[in-house]
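If you want the building blocks of each chain, they are given just below.
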Amino acid sequence: MARQAGLPFQITATLRVVAFVFLLSGAFLWFVLGRAHQQIEQSGRENFRLLAHSAFGEIDAMMQSYASYLGTVASLLPTMPDIYTEASSRALAQSFLDQAVPHSFAVTRPRDMLYFLKRDPEAPAGSAYTMGHFAVQADGSRMVSVSYYTADHRLLSQRRYSLDAHPEQSEWYLGALRSKGPYFSRPHLAPAWNSLAMTLALRSGESVVSMTSPLGLIDRLLERVPVSANGAALLFDDQHRIVAFRAKGERWKQLSQFRMKPVAQLGHPLLVAAAAVTDRLAEGQLSLVSLADQPFLLAWHAIAKIPGTQYRLLLLSPLADMSQAAETAKRDAWLVAIVGLMILLPLTWFSTGAMAGVLQRLVQQSERIGHLNFSPMEKQKHRRSAVREVRALEHAHDAMRDALAKGTRTLERVSGHLARLIGIGANLVKKKTRQALLEAVLEAAREMSSAEAAVLFLRDEDDKLRPVATLGMEPPHCLSALDMKLPEMKHQSLAVYTALSGVVHVVDDLDLDQREELVNLRKYNRERSSIRVKTIASLPLRTLDRVIGVMQVINARDADTDQIAPFSSPQVTYLEALAGQATVALENQKLIAAQTNLLDTLVRTLGDAVDAKSAYTGRHCARVPELAMMLAREANVAESGPLANFSFRTEEEWREFRVGAWLHDCGKITSPEHVLDKATKLETVYNRLHEIRTRFEVLLRDALIEVLQAQLAGRMNAETAEQIYAQRAAVLQGDYVFIAACNVGSENMAAADIARVQAIGKQTWLRNFDDRLGISYEEKERRQSSTPVSLPALASLIADQPWHLIPRPPEEKRALTEGFRMKVPEHLYDRGELYNLCIERGTLTREERFKINEHIIHTIRMLEGAKFPALLRRVPEYAGTHHEAMDGSGYPRGLTAAELSIPARIMAIADIFEALTASDRPYKPAKPLSESVAILHKMKLKGHVDPDLFNLFLRSGVYMRYAERFLAPEQIDLTDITPYLS
């Protein structure tokens, strides 16, 4: 590089010494100002200490005068046998008027109170004070006599009224009685002013002398306390509530809104921070703290350290208020420094201007290079640097720019192709349908190669390549499938040859390339007129173990001439990458579709399994989703009313709801079949009525044996014996017929029926065999608590035995109550014979009915434990809320309307209506449509189901469309829905 003219850098650097001098001056100034800052803080602390001393002394003097006044009055009371005499009351009144501050003074005894008020709002004009006498009358009523006086004690007027007040129960009265000295009350409501007030009380014998001041007066008293220009004096009680205050400055404008509110709840950062700091400071300790990002001086002082509520006076002042003189000196120092710098700045600027211009140009050029802008900058006049090294740097910088420009242009071409490939891959992932994905792949292939046309074949299960998408040529259905199993196809079809070989094949010129596998392409050129194939790239869509298809891109075009040209090596490379991305996207779609189909199949299989488990559920699990989807579609298109904002916006949301509907009763898999199918009261896994019938048979034979033995012994003749036996047989036959009828459970059991069952059960029969033989281990365990009896033994005809009670495991009860509001019966089952026969309605005991209802808990537990993907996360909600009610009376969680979503409410209506109209239940006849709608309407009026969805259910005709699909013709009897829409 040629030697550059100019001065050496060492000589030029001497000119920068001036800047170094400025730095030293700045450091010195910073040190001086730092010292000034310390002086500011010390000055502020001293001024605040004097201010706090004055303020706390003022408040102590006021409290001392109040306590002294109360002490004086308390010492006078023993000298006044009757405070209600004119002389005594006038003396008390005059002492009250002589005091400047208290607004209220009172002498309180257990059944009466004498009080004096200043500034009574109800006093007539000219009144100086009010004297009131509160007393409990003989009949228990409470009366107040009020007199209004002038300053020279002339009576102006009087009035008398009843008042339900209990001053002897007030906190300050009771506190003063307990205290040996003055007592300070907490803020309380003063009826005289209808505002909050504070009371200072002192006991004098059986009386309590008190002074009461409203909080507004306390504010005025605090006006005596000195505060700074932007400071405040705050009076807190022992609950950190602001009782009274004096403040100056804009930051305290809203302080009156915070009276009697805990500081922690105010949301005022300054007050919250001040209260927190106060708890850490000792009384009278002065502290400088940062409150709301500003330095503050603060200290607190306890008001009247006496029993009762402990009040604190907190004094706050910004540090700036206490150190204004020092702050002024600090600002003057800065001003002098700034003026000095402004004088020296032009001199420094002039000396460094040349080099700054060169460096600025280099910086701008570097920024352009950083933004990959390598074009030369416009020629501008600028002073050249006198420094030789700087001129050399300019030349080196220009050379670097040119080299980077050349390399970047190459990278841009490559990165453009890569960015386009990445964008295409991201776009393929977003395609949800296979056809959209295939079309996007072909569009990307044509874009990357400027091709004329493209076709995509997919391999089916029969090993045939079927055209599934085309671009720029005839549609797929116009092209023939290619059978890969035919040996000749390998040598006649480039697509088959590519699929079998699994490698890319490129044809640069079909007219010149005579390979035999191009036979079909030449035939295509002869027979088709939509496009003439000249160049082609055939690419396999290859997974790890097989080829799933072939993509062929036809007739690439040169970017400069727009003429058909052979595929370049980079184009083929990019198309290979695209084929790989397309393969991954297609396989992902295939896997997702398979998983979705598998899950849907499992869901339907589970629903069908629940339906097949018991004839008592019929096809409930299959029909509820149909009805729920019908009603959801109507709610989805509602344009007005409460349902206008409801919608399932995506197919995934519809599928989520459909899966929840299919699984709504999946918990019934855990329900015992003998409970679901219990047709009679005594039925378990078999009908235990046969046992009772056998006992009746035993009683009948015992009766026959008894009369026969009596005849043999000569105690009765044959005619009498036959008559007695016939009577006994008739009674037993009647009793058994009655017991058998009760077992059916078709009618409600009256109290008389229950009593008759119990009376029949008390009959006894003689048991001769051990009932503990041949039983299961579990039943033996239940019989451990009962004592074996000697045989033969009398046994009740029908009885509830201890071993009939099946205990519920403790861990099962915990699982059924955690997170649910269902009342769990104590026992798992109660198989007592009398208990079951006396079921008042139906055939199920309370335990068995809970066991059936328990299926919804198992449904929720099963589905919440299934860990559904995000798209199905609400399946447990949809499946587990169909037994909830709008008024909170449902189960298992007792959810209210505010906690039930629209889909959950739809599920409730669908579940109820299907159960009402079902004709495939062996335990009940199918209800007609009119009766089913009427029952559902009653549930709407009782607040059990959503009224808006019920009205939509009728108005939209969903009820009728469902009936026409699933109900027998004789059930469809509803012609007018108007009465049910009210």
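About the thresholds
Residues numbered from 1 in each chain as written. Predicted model: local features only at pLDDT ≥ 70, side-chain atom pairs only at ≥ 80, totals over all residues. Heavy atoms only, no water. Helix = DSSP H or I, 4+ residues; strand = E, 2+ residues; numbered from the N terminus. Buried < 20%, exposed > 50% of the residue type's maximum accessible area, 1.4 Å probe, protein only. Pairing = 2+ DSSP bridges. Core = buried A, V, L, I, M, F, W, Y, C linked by side-chain atoms within 4.5 Å. Contact = heavy atoms within 4.5 Å. Axes fitted to C-alpha atoms, helices over the stretch in contact; angles between N-to-C directions. Parallel < 35°, antiparallel > 145°, perpendicular 65-115°, else oblique. Nonpolar A, V, L, I, M, F, W, Y, C, P; charged D, E, K, R; others polar.

Quick look at unusual backbone geometry
Omega for the bond connecting Leu791 with Pro792 falls within 30 degrees of zero, at -5 degrees, which places this linkage in the cis form. Its location among the elements puts Pro792 in the loop between helix H20 (777-782) and strand S22 (793-796). Following Tyr891, the chain continues into Pro892 via a peptide bond in cis, with omega recorded as 10 degrees. A positive phi is found at Asp463, a non-glycine position, where the angle reads about 60 degrees. In this model, Asn555 sits at a positive phi of 60 degrees, which is unusual for a non-glycine residue. Residue position: Asn555 is located in the loop between strand S20 (547-554) and helix H13 (569-613).

Thoughts on the pairing of strand S9 (residues 207-214)
The buried fraction of S9 amounts to eight of the eight residues, a majority that puts the element mostly inside the structure. Side chains Ser207, Val209, Met211 and Ser213 project from S9 onto one buried face, and the interleaved Val208, Ser210, Thr212 and Pro214 project onto a second face that is buried too. Alignment of strand S1 (residues 104-108) against S9, held across five bridges, turns out to be antiparallel. Considered in S9, the bridge of Ala106 is made with Ser210. Taken together, the eight bridges between strand S8 (residues 195-204) and S9 define a ladder with antiparallel strand orientation. Residue pairing for S9: Leu200 is matched across the bridge by Met211. Here S8 hands over to S9 after two residues, with Gly205 in that stretch at a positive phi of 70 degrees.

Looking at the nonpolar core
By size, the foremost hydrophobic cluster in this structure holds 53 residues, and its most contacted members are Phe105, Phe116, Phe184, Leu235, Ile303 and Leu315. Examining the composition of this core, we find that 13 residues originate from one element, helix H2 (residues 17-76), more than from any other. Dropping the residues within four chain positions of it, Leu235 is found in contact with Met198, Ile218, Leu222, Arg241, Ile242, Val243, Ala244, Ile303, Tyr311, Arg312 and Leu313. Ranked by size, the runner-up nonpolar core spans 42 residues in total, among them Ala632, Ala661, Met907 and Leu954.

Some words on the sheet that holds strand S14 (residues 311-318)
Overall, antiparallel pairing links the five strands, which are arranged S11-S10-S14-S13-S12 in an open sheet. Both edges of this open sheet fall to strand S11 (242-247) and strand S12 (287-291), since each of them pairs with a single strand only. Strand after strand, the sheet turns through a mean of 25 degrees between neighbouring axes, direction not considered. Alignment of strand S10 (residues 232-236) against S14, held across five bridges, turns out to be antiparallel. Residue pairing for S14: Ala233 is matched across the bridge by Leu315.

Section: the pairing of strand S5 (residues 155-162)
With seven bridges connecting them, strand S4 (residues 142-149) and S5 associate as antiparallel partners. What sits directly across from Tyr148, in S5, is Ser157. In textbook terms, the turn of a hairpin is the stretch between consecutive antiparallel strands, and for S4 and S5 this stretch comprises five residues, one of which, His153, has a positive phi near 70 degrees.

Describing the environment of Val289
Looking at the secondary structure, you find Val289 in strand S12. By relative accessible area, which is 17% here, Val289 ends up buried. For the pair formed by Val289 and Leu319, sequence separation is 30 residues and the distance between their alpha carbons is 9.4 Å. Residues within four places of Val289 in sequence aside, it is in contact with Val277, Gln294, Pro295, Phe296 and Leu298.

Remarks on the sheet that holds strand S19 (residues 536-542)
With respect to topology, six strands assemble into an open sheet ordered S17-S16-S15-S20-S19-S18, the strand pairing being antiparallel. Of all strands in the sheet, those with a lone pairing partner are strand S17 (482-483) and strand S18 (505-507), marking the two edges. Two strands pair when backbone bridges link them, and strand S15 (residues 453-459) and S20 are joined in this way by six bridges, in the antiparallel orientation. By the bridge assignment for S20, Val455 is matched with Gln552.

Some remarks on the packing of helix H10 (residues 434-449) against H13
As a packed pair, H10 and H13 sit with axes 10 Å apart at the nearest point and diverge in direction by 175 degrees. With respect to their mutual orientation, H10 and H13 come out roughly antiparallel. Residue-level contacts link Arg434, Leu437, Leu438, Val441, Ala444, Ala445, Met448 and Ser449 of H10 to Gln571, Tyr574, Leu575, Leu578, Ala582, Ala585, Leu586 and Gln589 of H13. Tallied by class, the residues present in the contact of H10 with H13 amount to twelve nonpolar, three polar and one charged.

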